[in-house]
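The lines below spell out each chain.
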Amino acid sequence: MVRCCMVWHRDCTTNHFTQRENVTDDKKMAETESKHYDETETKLYVKVLPTQWPIVYGHEYNIGFLGLERLHPFDAGKWGKVYGFLKEAGMIRDDTTVRPVEATENDLLKVHTKGYINSLRLTSIVEGTVLKEWSMTVAGITEVPPVALLPNFIVQRKVLRPFRYQTGGTILAAKLAIDRGWGINIGGGFHHCSSEKGGGFCAYADITLAVRFLFSHNPQIKKAMIVDLDAHQGNGHERDFMNDESVYIMDVYNRGIYPHDGFAKRAIRKKVELTHGTADDEYLDQVEKNLDSALNEFKPDVIVYNAGTDILDGDPLGNLCITPQGIVDRDEIVFRKAHEKLIPIVMVTSGGYQRCTAQIIANSILNLRRKGLIKCEEAENCPTPASGCFVKSKC
């Protein structure tokens, strides 16, 4: 039994726990203590049963608003399809999966500015007020211009609410990674959003929020590494962690595509710029050798892995040529490195603009399970609810 806030590492292939060494100087300790706030301030850290996989998903993730979502190449129902494929494969059930709650304005303000939140009109929806303002900011973020013509209360319910649920899921999955050794949010990865600005179909800075929540709620978690392997540069979290020595960013991306954020690149400590058409052999070699180098330079307490699938050959926005097996191999490389070094890892699914990417994500998760890199024996052996699966959580 491990209490949720104890800073221990769980090797999920053996269910053994080892205490992680924590070495900081007085200055960093003082900074952490000044940022610390009680866990009861948020409802995002829900109780999780030992018979539940550290895999987070809610049906609220999926976006649909009068068919306008079809005007963007992103598959707005991708997350539900991934979940469905994992269920069909017999890995998970509804009762063995963790359900997130929606991030509130108070949660979001841990990172976001009040001005940015107000630009999305989140305050009014939280307070129950129905608005009639148009939605110019959200139209820009989603890159679907007709959204600007919709009343904001519709946009809140149909677009931003799913993003807030996914953001809550990322924050929760990061905590599960500390508790269990690994966590996966079947969603999230909004790496173009910073504290002050959204963009690129990213409305909330879930990666930044997950890291900040870990630092605040787990005083012994001092250092985080972001491994961003989406095809696009992760300029949102890069801007948020500019000059922050406690966060190391490795970013592997196609330099010829959006967002071309030269200022944000200054925050990248392991930068790998790819060219159009990069294929499996070169890509996997670059990922593995640079991740090895990053982990030699920096010893993180947690890895946040942004596992975008827009690197897939044929993706209309990524312009790379990685095969489905290459994506599976990439994810295995990252999880294996974390496993070998006993570093908790949380994965988010990020970009991917082809209908086939949902199956690839599911196949990759299933491969991690087959290789013993993710495991939860209690969930594997859990009988159906009618047989008494819902035991009282000791977490």
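Not measured: the values here are computed from a predicted model.

**Student:** Explain the packing of aromatic side chains to me, please; I cannot follow it from the model alone.
**Tutor:** Counting across every chain of the model gives eight aromatic pairs. Measuring from ring centre to ring centre gives 5.5 Å for Phe163 and Phe201, while their planes differ by 85°; the resulting arrangement is edge-to-face. Placement of Phe163 in helix H7 (residues 152-180) and of Phe201 in the loop between strand E4 (182-185) and helix H8 (206-217) is noted, with a sequence separation of 38 residues between them. For the residue pair Phe163 and Phe201, the accessibility class agrees, reading buried in each case. Taking NZ or CZ as reference, Lys175 lies 5.5 Å from the ring centre of Tyr45, over its face. Just above the ring of Phe298 sits the side chain of Lys223; from NZ or CZ to the centre is 5.4 Å.

**Student:** What exactly am I supposed to notice about the pattern of salt bridges here?
**Tutor:** Once their charged atoms are close, side chains differing in charge can pair, the charge on each being opposite to the other. For the coordinates displayed, the defined rule picks out 20 salt bridges. Each of Lys87, Asp94 and Arg99 takes part in one network of salt bridges that share partners.

**Student:** Quick question: what am I supposed to make of the confidence of the model for the chain here?
**Tutor:** When pLDDT drops low, the exact placement of atoms in the prediction is not to be read closely. Mean pLDDT for the chain: 84, with 76% of residues reaching 70 or above. Segment residues 1-40 is flagged for pLDDT under 50; beyond a separation of four residues in sequence, or across chains, it makes 72 contacts in the model. Every residue in residues 122-134 is under pLDDT 50, and counting partners more than four places away or in other chains gives 28 contacts.

**Student:** It is not clear to me how the environment of Tyr45 should be interpreted in this structure. Could you clarify?
**Tutor:** Structurally, Tyr45 is set in the loop between helix H1 (26-35) and strand E3 (55-56). Judged by its relative accessible area of 10%, Tyr45 is buried. Placed 124 residues apart in sequence, Tyr45 and Gly169 show a C-alpha to C-alpha distance of 9.4 Å.

**Student:** Sorry if this is basic, but what is going on with unusual backbone geometry here?
**Tutor:** Backbone phi values are negative for most residues with the exception of glycine, while trans is the configuration of most peptide bonds. The peptide bond linking Tyr258 to Pro259 adopts the cis configuration, its omega dihedral lying at 10°. Examined against the element boundaries, Pro259 turns out to sit in the loop between strand E6 (247-254) and strand E7 (270-274). The phi dihedral of Asn243 falls on the positive side, at around 65°, and the residue is not glycine. You can see Asn243 is positioned in the loop between helix H9 (235-240) and E6. Judged by its relative accessible area of 71%, Asn243 is exposed. At Leu342, a position not held by glycine, the phi torsion is positive, near 55°. Note on placement: Leu342 falls in the loop between helix H11 (324-340) and strand E9 (345-348).

About the criteria used
- Residues numbered from 1 in each chain as written.
- Predicted model: local features only at pLDDT ≥ 70, side-chain atom pairs only at ≥ 80, totals over all residues.
- Heavy atoms only, no water.
- Phe/Tyr/Trp six-rings, centres within 6.5 Å; stacked < 30°, edge-to-face > 60°.
- Helix = DSSP H or I, 4+ residues; strand = E, 2+ residues; numbered from the N terminus.
- Buried < 20%, exposed > 50% of the residue type's maximum accessible area, 1.4 Å probe, protein only.
- Lys NZ or Arg CZ within 6 Å of the ring centre and 35° of its normal.
- Salt bridge = Lys/Arg side-chain N within 4 Å of Asp/Glu carboxyl O.
- pLDDT = per-residue confidence, 0-100.
- Contact = heavy atoms within 4.5 Å.

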